[in-house]
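# Architecture and fold: a report
Listed below are the residues making up each chain.
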Amino acid sequence: MNAHHSSIHATLPPPRHRWATAAWAFVVAFVLAGCAAPPPAAPTGAVPFEQAIAAASDALVAQAHGGPALLAKLNKHTVVLDPSLDAGSGQQTSATQQLDKRLAERLTAHGGFEVLPFRAANLSKAQWLLVGTLTRAAKAYRIDLALTDLKTGSVVAQAGALARDDSVDMSPLAYYRDSPILVKDKVIDGYVRTASTAAGQRADAVYLERIATATVVNEAMLLYNAERYEEALGQYRSALATPAGDQIRVLNGIYLTNWKLGRPAEAEAAFGRVVTFGIAARELGVKFLFNPGGTEFWSDPKVSGAYAMWLRQIAREGAAAKVCMNIVGHTSKTGPEAYNDGLSLRRAAYIRQRLGAESADLAGRTRTEGMGFRQNLVGSGTDDVVDALDRRVEFRIVPCS
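Residues numbered from 1 in each chain as written. Predicted model: local features only at pLDDT ≥ 70, side-chain atom pairs only at ≥ 80, totals over all residues. Heavy atoms only, no water.

### Some remarks on the packing of aromatic side chains
- Summed over all chains, the structure comprises 16 aromatic pairs.
- An angle of 85° between the planes, with centres 4.9 Å apart, marks the rings of Tyr175 and Tyr176 as edge-to-face. Comparing Tyr175 with Tyr176 shows no difference in burial state: the two are buried.
- Taking the centre distance of 5.3 Å and the plane angle of 80° together, the rings of Tyr191 and Tyr207 count as edge-to-face. In this pair, Tyr191 sits in helix H8 (residues 186-195) while Tyr207 sits in helix H9 (residues 205-209), placing the two residues 16 residues apart along the sequence. Neither residue differs from the other here; Tyr191 and Tyr207 are each classed as buried.
- Ring pairing ties together the aromatic residues Tyr255, Trp259, Phe271, Phe288, Phe290, Phe297, Tyr307, Trp310 and Tyr350, which thus form one cluster. (Phe/Tyr/Trp six-rings, centres within 6.5 Å; stacked < 30°, edge-to-face > 60°. Buried < 20%, exposed > 50% of the residue type's maximum accessible area, 1.4 Å probe, protein only. Helix = DSSP H or I, 4+ residues; strand = E, 2+ residues; numbered from the N terminus.)

Have a look at this one:
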């Protein structure tokens, strides 16, 4: 062997290490190739719902991992998914349910995530919290997703995409369909803000402080949607007993389950607490459904049978609190604007008349206003269960002058 060959031989690792060295070189090359590969480009316009979910979740994963897929799989993250919401109404719908299912499937398929059910016991096991919203835009819905570090409270990744509105079913789930009120408070507002919070920023503090109670509320809603009303009532009462349990979703759930269980006295007392909560929050939106084009309540007593009780409690609690209120009528987005303005004002006047029959004292501290469809929360213009909240009457607490 000449000197040249001896020199080369001297630089080589011992034979038993050559396989390991080659394997490591392959891994390094694979990792570097992964680092060089850019994430898939997000679509620039509205696409079908399933495609939009895929784009948003893939962008979230790429941002969260901040590196190649191989390293992501070696560094698995546990995630709890707080069920997604419609940002405008605060409702869970068929579309948000579909979004949650596809998110869990897609994150799991990426290999770097384990998605756990939204339960109190899993909050201590998980590293990250995932939230999502759908927000109505022009002929589209925007998906917003955010991952929050449960220990630090900071958002680690945020992504979005646009879905065509004709591919999105916003029919509310049973709890929200049956709800007499707009179920939106500072907790829901905090959830919605968190979903659109940029990476590196803090998630909403009010929402995070109440996350443990939110798991109990979610369990109660699942039971309600499954028509297991007695069990749902027990869960809502358990939620109410927690330090953060005084929430509109909880109080409303206690009302709904008592009503479904045929307990009118308990239901009325519970609705009174809902009204008290709304007055304290200075706003209460109630879904009074009217016959088309008129000021008479919906003819079907299965729909309107509780309205007299609702009005009685609104009058009673409003009079007891000695508040002044604007009664604001709303309509769905069908028909000319001027007509809907007039119709919403007439409906507000009818509600004021009914309240006056319950409490003359309160009637003297109210005034009416018609907003037509200018403050729609859903905006579908379908005049069905989807946009029922757009045909609401709001009671806004104002200074007495």
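There is more to say after this.
### Quick notes on the packing of helix H12 (residues 248-260) against helix H13 (residues 264-280)
- For the pair H12 and H13, interaxial distance at closest approach is 8 Å and the crossing angle is 160°. On the basis of their axis angle, the class for H12 and H13 is roughly antiparallel. Crossing hand, H12 versus H13: left-handed. Packed against H12, whose contacting residues are Ile248, Leu251, Asn252, Ile254, Tyr255, Asn258 and Trp259, the element H13 presents Glu266, Ala267, Ala270, Phe271, Arg273, Val274 and Phe277 at the interface.
- The residue makeup of the contact of H12 with H13, split by class, is 10 nonpolar, 2 polar and 2 charged. (Axes fitted to C-alpha atoms, helices over the stretch in contact; angles between N-to-C directions. Parallel < 35°, antiparallel > 145°, perpendicular 65-115°, else oblique. Left-handed = near helix turned anticlockwise from the far one by under 90°. Contact = heavy atoms within 4.5 Å. Nonpolar A, V, L, I, M, F, W, Y, C, P; charged D, E, K, R; others polar.)

### Details of the pattern of salt bridges
- One pass over the full model with this rule turns up 21 salt bridges.
- The residue Arg136 makes a salt bridge to Asp165 at a minimum N-O spacing of 3.7 Å. Of this pair, Arg136 sits in strand S4 (residues 128-137) while Asp165 is found in the loop between strand S6 (155-164) and helix H7 (174-178), placing the two residues 29 residues apart along the sequence.
- A salt bridge links Glu394 to Arg392; the nearest nitrogen and oxygen atoms lie 3.4 Å apart.
- Under the relative-accessibility criterion, Arg392 is labelled buried at 3%.
- Residues participating in the shared-partner salt-bridge network are Glu283, Arg392, Glu394 and Arg396. (Salt bridge = Lys/Arg side-chain N within 4 Å of Asp/Glu carboxyl O.)

### Notes on H12
- Here H12 is 13 residues long and its end C-alpha atoms lie 18 Å apart, about the 18 Å a rise of 1.5 Å per residue gives.
- Counted residue by residue, H12 has 11 buried out of 13 residues, so it is predominantly covered.
- All buried positions along H12 are accounted for by Ile248, Arg249, Val250, Leu251, Asn252, Gly253, Ile254, Tyr255, Leu256, Thr257 and Asn258.
- Buried residues belonging to H12 abut H7, H8, helix H10 (211-225), helix H11 (229-240), H13 and helix H15 (307-321).
- One or two positions beyond H12, positive phi appears at Gly262, with a value near 70°. (Expected span 1.5 Å × (residues − 1).)

### Structural notes on the pairing of strand S8 (residues 324-329)
- Among the 6 residues of S8, 6 are classified as buried, and the element is accordingly described as predominantly covered.
- Across the two faces of S8 the burial is the same, with Cys324, Asn326 and Val328 and Met325, Ile327 and Gly329 all buried.
- Looking at chain direction, S8 and strand S9 (residues 366-370) are connected through 5 bridges and run parallel. Within S9, the position partnered with Met325 by the bridge is Thr366. (Pairing = 2+ DSSP bridges.)

### Quick notes on the side chain of Thr96
- Note on placement: Thr96 falls in helix H5 (residues 94-110).
- Filtering out sequence-adjacent residues up to four positions away, Thr96 remains in contact with Ser84, Leu85, Asp86, Gln91 and Leu134.

### What to know about the nonpolar core
- Judged by nonpolar contacts, the single largest core of 74 residues is most densely connected at Tyr255, Phe288, Trp310, Ile314, Ile351 and Phe395.
- Grouped together as the second largest cluster of nonpolar side chains are 29 residues, Ala55, Val61, Leu107 and Leu147 included. (Core = buried A, V, L, I, M, F, W, Y, C linked by side-chain atoms within 4.5 Å.)

### Things to note about H8
- Counting buried residues along H8, 7 of its 10 residues qualify, which places the element largely inside the surrounding structure.
- In the core, the buried residues of H8 are packed alongside strand S2 (85-86), S4, strand S5 (140-149), S6, H9 and H12.
- The N-cap residue of H8 is Asp185: its side-chain oxygen and the backbone nitrogen of Val187 are 3.1 Å apart. (Polar contact = N/O pair within 3.5 Å; in protein donor to acceptor, adjacent residues only side chain to side chain.)

### Side note on the state of the cysteines
- Overall, the coordinates contain 1 disulfide when judged by the stated rule.
- Residue Cys324 pairs covalently with Cys400 via a disulfide, S to S 1.9 Å. When the S-S torsion is 115°, as for the bridge of Cys324 with Cys400, the disulfide is right-handed. Taken together, the residues Cys324 in strand S8 and Cys400 in the segment after strand S10 (393-398) connect sequence positions 76 residues apart.
- Here Cys324 falls in the buried class, since its relative accessible area comes to 9%. (Disulfide = S-S within 2.5 Å.)

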